[in-house]
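Here's the letter readout for the chains.
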Amino acid sequence: MLIGCRNSQFFVDFSHHFSSPMENLHHFGGLLNWKKKRRKKSQTRAFVEVKPNGCVKVSLENCVHRPPAERSRDIVVVGAGVAGAALAYALGKDGRKVHVIERDLREPNRIVGELLQPGGYLKLIELGIEDCIEEIGSQKVFGYALYKDGKNTKLAYPLENFDSHVSGRSFHHGRFIQRLREKAASLPNVKLEQGIVTPLLEENGIVKGVQYKTKAGKVLKAYAHLTIVCDGCFSNLRHSLCNPKVEIPSCFVGLILENCNLPYTNHGHVILANPSPILFYPISSTEIRCLVDVPGQKVPSIATGEMANYLRTIVAPQVPFGLTKFLQLYPKRTFHVLGASSIV
Ligand SMILES: Cc1cc2nc3c(=O)[nH]c(=O)nc-3n(C[C@H](O)[C@H](O)[C@H](O)COP(=O)(O)OP(=O)(O)OC[C@H]3O[C@@H](n4cnc5c(N)ncnc54)[C@H](O)[C@@H]3O)c2cc1C
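Keep in mind that what you see is a predicted model, and the values were worked out from it rather than measured.

Draft legend 1. Quick look at the UniProt feature "domain: FAD dependent oxidoreductase" (unreviewed entry) in the chain. Under the UniProt annotation, "domain: FAD dependent oxidoreductase" (unreviewed entry) lies at residues 74-104. Helix makes up 39% of residues 74-104 and strand 32%, whereas the separation of the span's terminal C-alpha atoms amounts to 23 Å.

See below:
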């Protein structure tokens, strides 16, 4: 730290004092956007003026002041799905000040991310968030049953060397996400806010934060030393960083079957059907998820009844266990359709 004197003002050069921008931020309560440049050592200065009455006035040069709503945190995370919420908790636990901005904080109703493999469960333990799959009606999964051409076999996860509680887990995706979000937000240094992030804020080619629209419609900016975008497969922000070619080879049609059983309890069931696979797995003690892969980007119309007809005539006859009647009932039920995208 260098201290100099000019008339009645002292000036203090902090360039040597702070070893990192993060350290600087902690010293100034997050008020400043510090840009440390080694080549221009005395670029950022604090002027300390000693008034005749003994009061001290500190003024800062070359520091960007942000209004309170725009104060900087260590990390901004965009999106609170599995990745964003788990990451926010891990970073918060590590002592970082994290600001998570999620487009919709209501419980998601999606057909993705419902079956966590044992490796995923072990990861939850490693992160200290394994309690997030409790109290959501999750079901243990020990392996898969495979069906093809009238034959079937059972494949167990190789869990012999693990404690008995280690297994796969299946559940309602939305319930799991809400638990992860609650867990992250329970840390005092994690701020979880509803808002839609529009652009990333860049200065001289460096991402400095994000602009977002709050639930109340207010446009705000959030600055951080690090911005992590976890906005999922339908990302609107990815194209500002890269230009991936996304292909959608097929769509998943999802439905929930109630109060029926699968032949192998606590197992996923995969039917290698024609033209493409059909999956079943429990997502609660009374509900079974059925996922039908439909090739192509255009699925049969739900509104005109083509989808129900497809399930009745193409899917149901290929299901070798007693779920045919459930699938035939489905004209009355709600379907979920989601493109199975892959980045090539
Ligand atoms: C049909 C299907 C089935 C799958 N099944 C499984 C499975 O059984 N097991 C498994 O492990 N994986 C499964 N996956 C993959 C899994 O769903 C994804 O890997 C996982 O959801 C990715 O998590 P994420 O947090 O990156 O993205 P997402 O879960 O998509 O979360 C992104 C979040 O970002 C928010 N967001 C988006 N844009 C903005 C914005 N501009 N501003 C603020 N917030 C924003 C969204 O609202 C959302 O909450 C499946 C995928 C598909 C398509």
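Draft legend 2. Molecular detail of the sheet that holds strand β13 (residues 168-170). If you walk across this open sheet you meet the three strands as β9-β13-β10, and the pairing is antiparallel. On the outer flanks of this sheet lie β9 (115-116) and β10 (139-141), each paired with one strand and no other. Across two bridges, β9 lies against β13 in antiparallel orientation. Residue L115 lies in a different strand from β13, and its bridge partner there is S170.

Draft legend 3. Representation of the site of the ligand. As a matter of local geometry, the ligand sits amid 28 residues, with G79, G81, A83, V112 and G232 nearest to it. Taken together, the elements giving at least two residues each to the shell around the ligand come down to α2 (82-93), β8 (98-102), β9, β14 (190-203) and β21 (336-343). In terms of residue class, the shell around the ligand is built from 16 nonpolar, seven polar and five charged.

Draft legend 4. Region of interest: the nonpolar core. Grouped together as the largest cluster of nonpolar side chains are 54 residues, with contacts concentrated most on V77, A88 and V100. Of the residues forming this core, the biggest block, six residues, is contributed by α2.

Draft legend 5. Looking closely at the pairing of strand β15 (residues 206-214). For β14 and β15, the ladder comprises seven bridges, and the chain directions are antiparallel. Within β15, the residue paired with G195 across the bridge is T214. Where β14 hands over to β15, the hairpin turn is made up of two residues, of which N204 adopts a positive phi near 50°. Two strands pair when backbone bridges link them, and β15 and strand β16 (residues 219-229) are joined in this way by five bridges, in the antiparallel orientation. Across the sheet, the residue bridging to V210 is A222, located in β16. Hairpin connection from β15 to β16: four residues lie between these consecutive antiparallel strands, with G217 at a positive phi of about 90°.

About the cut-offs
Residues numbered from 1 in each chain as written. Predicted model: local features only at pLDDT ≥ 70, side-chain atom pairs only at ≥ 80, totals over all residues. UniProt positions renumbered as here; feature names shortened; annotations may be inferred. Helix = DSSP H or I, 4+ residues; strand = E, 2+ residues; numbered from the N terminus. Pairing = 2+ DSSP bridges. Near = placed C-beta within 6 Å. Nonpolar A, V, L, I, M, F, W, Y, C, P; charged D, E, K, R; others polar. Core = buried A, V, L, I, M, F, W, Y, C linked by C-beta atoms within 7 Å. Buried ≥ 20, exposed ≤ 12 C-beta atoms within 10 Å, placed from the backbone.

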